[in-house]
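The lines below spell out each chain.
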Amino acid sequence: MATNNTPATNEAAAPEEAPVKRNEVLETEHGSTVIDENVVGKIAGIAAREVSGVHNLGGGAARMWGAVRESLTSSTNVQQGVNVAVENGHASVAVAIIAEYGVAIHELANAIRENITVAITRMTGLIVDRVDVTVHDVHLPDDNGDADTARTEQPLPSNGQVLEQ
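Numbering of residues starts from 1 in each chain and follows the order in which that chain's sequence is written. Only residues with pLDDT of 70 or above have their local features reported here, since the model is predicted, and side-chain atom pairs are shown and tallied only from 80 upward, although totals for entire chains, interfaces and linings are computed over all residues. Just so you know, side-chain values use all the structure's heavy atoms and leave hydrogens and water out.

If you check an unreviewed UniProt entry, the protein chain appears there as Asp23/Gls24 family envelope stress response protein from Corynebacterium tuscaniense. UniProt positions are given in the numbering used here, feature names are shortened, and annotations may be inferred rather than shown by experiment. Recorded in UniProt for the protein chain, the comment headed Sequence similarities (unreviewed entry) runs: "Belongs to the asp23 family."

This is the structure we're talking about:
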């Protein structure tokens, strides 16, 4: 009786992971360049804020601590609401935003992804694998007492003349 020495076909084969593409921009024959996650986070935060329709970055707690930090130090944390992972010349970014009311959120998220990817790639040479966008809130025009939209009506005098302000 002949025996079959081949592995059984019903066993699940371990999926092969695709090799990570080497970043030849940062790894040369003359040396390597390492970009710190703080640098990438700052670039991503600035790039996200540049997109029209982004009111602010971060969730509720991040915005609260950011306001406290700004009041104490008079500086803005451009990395607020941004998390970055950099490994082997690749970057992954997660950004949390507050969108302006009336903006198509799916289009806003795509524009944020594109702007962040272009900025990071252009400035660092990193390969951006993904940019995840979380929308935590929608900013309404009369939130925070915006002067443009929270106007109070001035009463007209009974004789029809306009009051001087």
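Now that the structure has been shown, the text picks up again.
The next thing to look at is the confidence of the model for the protein chain. The predicted model of the protein chain averages 80 in pLDDT, with 65% of residues at 70 or higher. Looking across the protein chain, the model is least confident in helix α2 (residues 60-73), with a mean pLDDT of 57, and most confident in helix α3 (residues 105-124), with 98. Below a pLDDT of 50 lies the segment residues 147-156, which in the model reaches six contacts outside its immediate sequence neighbourhood of four places, other chains included. A residue's pLDDT is the confidence the predictor assigns to it, expressed on a 0 to 100 scale. Counting from the N terminus, the helices are DSSP H or I runs at least four residues long and the strands are E runs at least two residues long. Residue contacts are defined here by distance: any two heavy atoms, one from each residue, within 4.5 Å place the two residues in contact.

What follows is about the pattern of salt bridges. A pair is scored as a salt bridge if a Lys or Arg side-chain nitrogen falls within 4 Å of a carboxyl oxygen belonging to Asp or Glu. Scanning the model with the defined rule gives one salt bridge in all. The salt bridge involving Asp 132 is made with Arg 130; its shortest N-O contact spans 2.8 Å. Only protein chains enter the accessibility calculation, which uses a 1.4 Å probe; a residue whose area is less than 20% of its type maximum is buried, one above 50% is exposed, and one in between is partly exposed. What makes Arg 130 partly exposed here is its relative accessible area of 47%.

In this structure, Gln 80 sits in the loop between α2 and β4 (82-87). Nitrogen and oxygen atoms within 3.5 Å of one another constitute a polar contact, given that in protein one can donate a hydrogen and the other can accept it, and given that sequence-neighbouring residues count only through two side-chain atoms. A polar atom in the side chain of Gln 80 sits 2.7 Å from the backbone oxygen of Leu 57.

The angle between two axes is taken between their N-to-C directions and runs from 0 to 180 degrees, where each axis is a line fitted to C-alpha atoms and a helix contributes only its stretch in contact. Relative to each other, helix α1 (residues 37-49) and α3 sit at 140°, their axes nearing to 9 Å. One way to sum up the angle between α1 and α3 is to call them oblique. Considering only the axes of α1 and α3, their crossing is right-handed. Along its contact with α1, which presents Val 40, Ile 43, Ala 44, Ala 47 and Ala 48, the element α3 presents Ile 112, Asn 115, Ile 116, Ala 119, Ile 120, Met 123 and Thr 124. Under this scheme an angle from 65 to 115 degrees is roughly perpendicular, one under 35 degrees roughly parallel, and one over 145 degrees roughly antiparallel; angles in between are oblique. In a left-handed crossing the near helix is turned counterclockwise from the far helix by less than a right angle, and in a right-handed crossing that turn is clockwise.

This paragraph deals with the nonpolar core. Side-chain atoms within 4.5 Å link the members of a nonpolar core, which is a set of buried Ala, Val, Leu, Ile, Met, Phe, Trp, Tyr and Cys residues. Core analysis: the biggest nonpolar cluster contains 27 residues, and Val 93, Val 95, Ile 97, Ile 112, Ile 116 and Ile 120 have the highest contact counts within it. Going through the elements one at a time, α1, β3 (54-57), β4, β5 (90-100), α3 and β6 (127-139) are the ones with two or more residues in this core. At six residues, the largest contribution of residues to this core is made by α3. Setting aside residues up to four positions removed in sequence, Ile 116 forms contacts with Ala 44, Ala 47, Ala 48, Val 93, Val 95 and Val 131.

Here Gly 89 lies in the loop between β4 and β5. Spatially, the C-alpha atoms of Gly 89 and Ile 35 are 8.2 Å apart, while their sequence positions differ by 54 residues. The residues contacting Gly 89, other than those within four sequence positions of it, are Asn 23, Leu 26, Leu 126 and Ile 127.

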